[in-house]
Amino acid sequence: MKEVNFEEISGTSTDSSIIIAAAGKGTRLNSNVPKILYPIAGKAILEWIYEYCSDLCGEIIIVLSPQGKKDVEPFINKKGFKNVKVAVQNTPIGMADAIKIGFKECSNNNIFVVWGDQPCFTKKTLEFMNIRLTSIKDCQMIFPALKNHNPYVHYETNDKGLLIKVLEKRENDNMPRIGLSDSGLFLLKRDAIENILCRIEYASLGNITNEKSFIRLLPILENDIETIVYFFTCNKSECLSI
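Residues numbered from 1 in each chain as written. Predicted model: local features only at pLDDT ≥ 70, side-chain atom pairs only at ≥ 80, totals over all residues. Heavy atoms only, no water.

Asker: Summarise the overall build of the chain; cite the residues concerned and give the values.
Answerer: Of the regular secondary structure elements, the chain holds five helices and 13 strands. In terms of overall size, the chain behaves like a compact globule, its C-alpha atoms giving a radius of gyration of 17 Å where 242 residues would be expected to give roughly 18 Å. The dimensions of the chain, computed from C-alpha atoms along their principal axes, are 50 × 40 × 35 Å. The 242 residues of the chain split such that 53% are buried. Counting contacts in the chain only where the partners sit at least 6 residues apart, residues at least 24 apart contribute 76% of the total. Separation of charge centres in the chain, based on 29 positive and 29 negative side chains, amounts to 3 Å. (Helix = DSSP H or I, 4+ residues; strand = E, 2+ residues; numbered from the N terminus. Rg over C-alpha atoms; globule rule 2.2 N^0.38 Å. Buried < 20%, exposed > 50% of the residue type's maximum accessible area, 1.4 Å probe, protein only. Contact = heavy atoms within 4.5 Å. Lys, Arg positive; Asp, Glu negative; His and termini not counted. Charge placed at Lys NZ, Arg CZ, Asp CG, Glu CD.)

In structure tokens form, the structure reads like this:
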């Protein structure tokens, strides 16, 4: 993996898709609505996500649970959101499966993936990612990163800088004191996602969750050369999750 510096770059292309993985419930928030409809600063999380992605993404695919679909589709129609498709994850068996379901609805070559609890990103961040994915040689994926004490996720590299393992605290992995992690937003080329998704069947289940993790499959992209790029946003608060 290699780091690049963030800079503001304007771009108006809509040749990207975005998969919003949002099958989670609002139980932890003591809410009786799907988490993606939970209100933050006067708007549902989905509204915030739609605001930062709708100008860049010609396809917006929301992956929901069956019950979530019943609640979210009327909300989408009421708000008049455009270019939105709903895909259903019938069984909650992990983010890798959710992305596989959403990917079936994508027709574009650049595909964003965002967790459904990330309301704070900006259009400028997505514009930067979209342009850099195609302008950086050999780049297959780009994501905003965080460096944290007592990390929840850590991206481990070897002495050549290649990603070799993704550790997750929730799976009881042995975590470092300071870690490099993602922020729940990724942009990948279509063939990179295909490369990852074709390995899902052979991926091991999480030690604790018994789920198939998307991020644990990312080392597949870096066998011989650095194809994953990360950067740090100007404002760390962009990376806050709910």
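Once you've had a look at it, read on.
Asker: How would you summarise the pairing of strand 5 (residues 57-64) if you had to cite specific residues and measurements?
Answerer: Among the eight residues in strand 5, seven count as buried, and that is most of the element. Summarising the sheet, strand 2 (residues 16-21) and strand 5 pair through six bridges and their orientation is parallel. For Ile19, the partnering residue across the bridge sits in strand 5 and is Ile61. Across five bridges, strand 5 lies against strand 6 (residues 84-88) in parallel orientation. Considered in strand 6, the bridge of Ile62 is made with Val86. Handedness of the β-α-β unit built from strand 5, helix 2 (residues 66-79) and strand 6 comes out right-handed. (Pairing = 2+ DSSP bridges. Right-handed = clockwise from strand over helix to strand, strands pointing away.)

Asker: For the nonpolar core, give the residues involved together with the corresponding values.
Answerer: Formed by 40 residues in total, the largest nonpolar core has its most connected members in Ile20, Ile36, Leu46, Ile62 and Ile142. Not counting residues up to four positions away in its chain, the partners in contact with Ile142 are Phe128, Met129, Arg132, Leu133, Phe186, Leu187, Val229 and Phe231. Judged by nonpolar contacts, the second largest core, of 39 residues, contains Cys106, Phe143, Val153 and Leu221. (Core = buried A, V, L, I, M, F, W, Y, C linked by side-chain atoms within 4.5 Å.)

Asker: Describe the layout of surface pockets, listing the residues and the values that go with them.
Answerer: In this model, the largest pocket occupies a volume close to 1,200 Å³. Contributing to the lining of the largest pocket are 42 residues, with Lys35, Met95, Trp115, Asp117 and Arg170 lying nearest its centre. Only helix 3 (95-103), strand 8 (141-149) and strand 11 (178-182) provide two or more residues apiece to the lining of the largest pocket. Its residues placed into classes, the lining of the largest pocket shows 18 nonpolar, 16 polar and eight charged. (1 Å grid on protein atoms, 1.4 Å probe; cavity = no way out; pocket = protein on both sides within 12 Å on 5 of 7 lines; lining within 4 Å. Points joined across faces, edges and corners; volume = space filled by probe spheres on them. Nonpolar A, V, L, I, M, F, W, Y, C, P; charged D, E, K, R; others polar.)

Asker: Run through the packing of helix 3 against helix 5 (residues 190-197), naming residues and quoting values.
Answerer: Running from amino to carboxyl end, helix 3 crosses helix 5 at an angle of 130 degrees, the nearest separation of the two axes being 11 Å. Of the possible angle classes, the one that applies to helix 3 and helix 5 is oblique. In the packing of helix 3 onto helix 5, the handedness of the crossing is left-handed. Residue-level inspection shows Ala96, Ile99, Lys100 and Phe103 of helix 3 in contact with helix 5, the latter providing Arg190, Ile193, Glu194 and Leu197. By residue class, the composition of the contact of helix 3 with helix 5 is five nonpolar, no polar and three charged. (Axes fitted to C-alpha atoms, helices over the stretch in contact; angles between N-to-C directions. Parallel < 35°, antiparallel > 145°, perpendicular 65-115°, else oblique. Left-handed = near helix turned anticlockwise from the far one by under 90°.)

Asker: Tell me what's going on with the side chain of Asp117, and back it up with residues and numbers.
Answerer: Along the chain, Asp117 falls in the loop between strand 7 (110-115) and helix 4 (123-135). Polar side-chain contacts of Asp117 include one of 3.4 Å to the side chain of Lys35. Not counting the four nearest positions on each side in its chain, Asp117 is found in contact with Lys35, Ile45, Leu240, Ser241 and Ile242. (Polar contact = N/O pair within 3.5 Å; in protein donor to acceptor, adjacent residues only side chain to side chain.)

Asker: Tell me about the packing of aromatic side chains, residues and numbers included.
Answerer: Counted according to the given criterion, the structure contains 13 aromatic pairs. When the centroid spacing of 6.2 Å and the interplanar angle of 45 degrees are considered together, the rings of Phe143 and Phe186 count as tilted. Of this pair, Phe143 sits in strand 8 while Phe186 sits in strand 12 (residues 185-189), placing them 43 residues apart in sequence. In this structure, Phe143 and Phe186 share a single accessibility class: buried. The rings of Trp115, Phe143, Tyr155, Phe186, Phe214, Tyr230 and Phe232 are connected pair by pair, giving a single aromatic cluster. Seen from the ring of Trp48, Lys43 lies directly overhead, with NZ or CZ sitting 4.5 Å from the centre. (Phe/Tyr/Trp six-rings, centres within 6.5 Å; stacked < 30°, edge-to-face > 60°. Lys NZ or Arg CZ within 6 Å of the ring centre and 35° of its normal.)

Asker: If you had to explain unusual backbone geometry to someone new, which residues and values would you point to?
Answerer: At Asp138, a residue that is not glycine, the phi angle is positive and equals roughly 70 degrees. Along the chain, Asp138 falls in the loop between helix 4 and strand 8. We classify Asp138 as partly exposed; its relative accessible area is 39%. One non-glycine residue, Asn150, adopts positive backbone phi at about 50 degrees. Residue placement: Asn150 occurs in the loop between strand 8 and strand 9 (153-157).

Geometric values such as these leave the question of function open.
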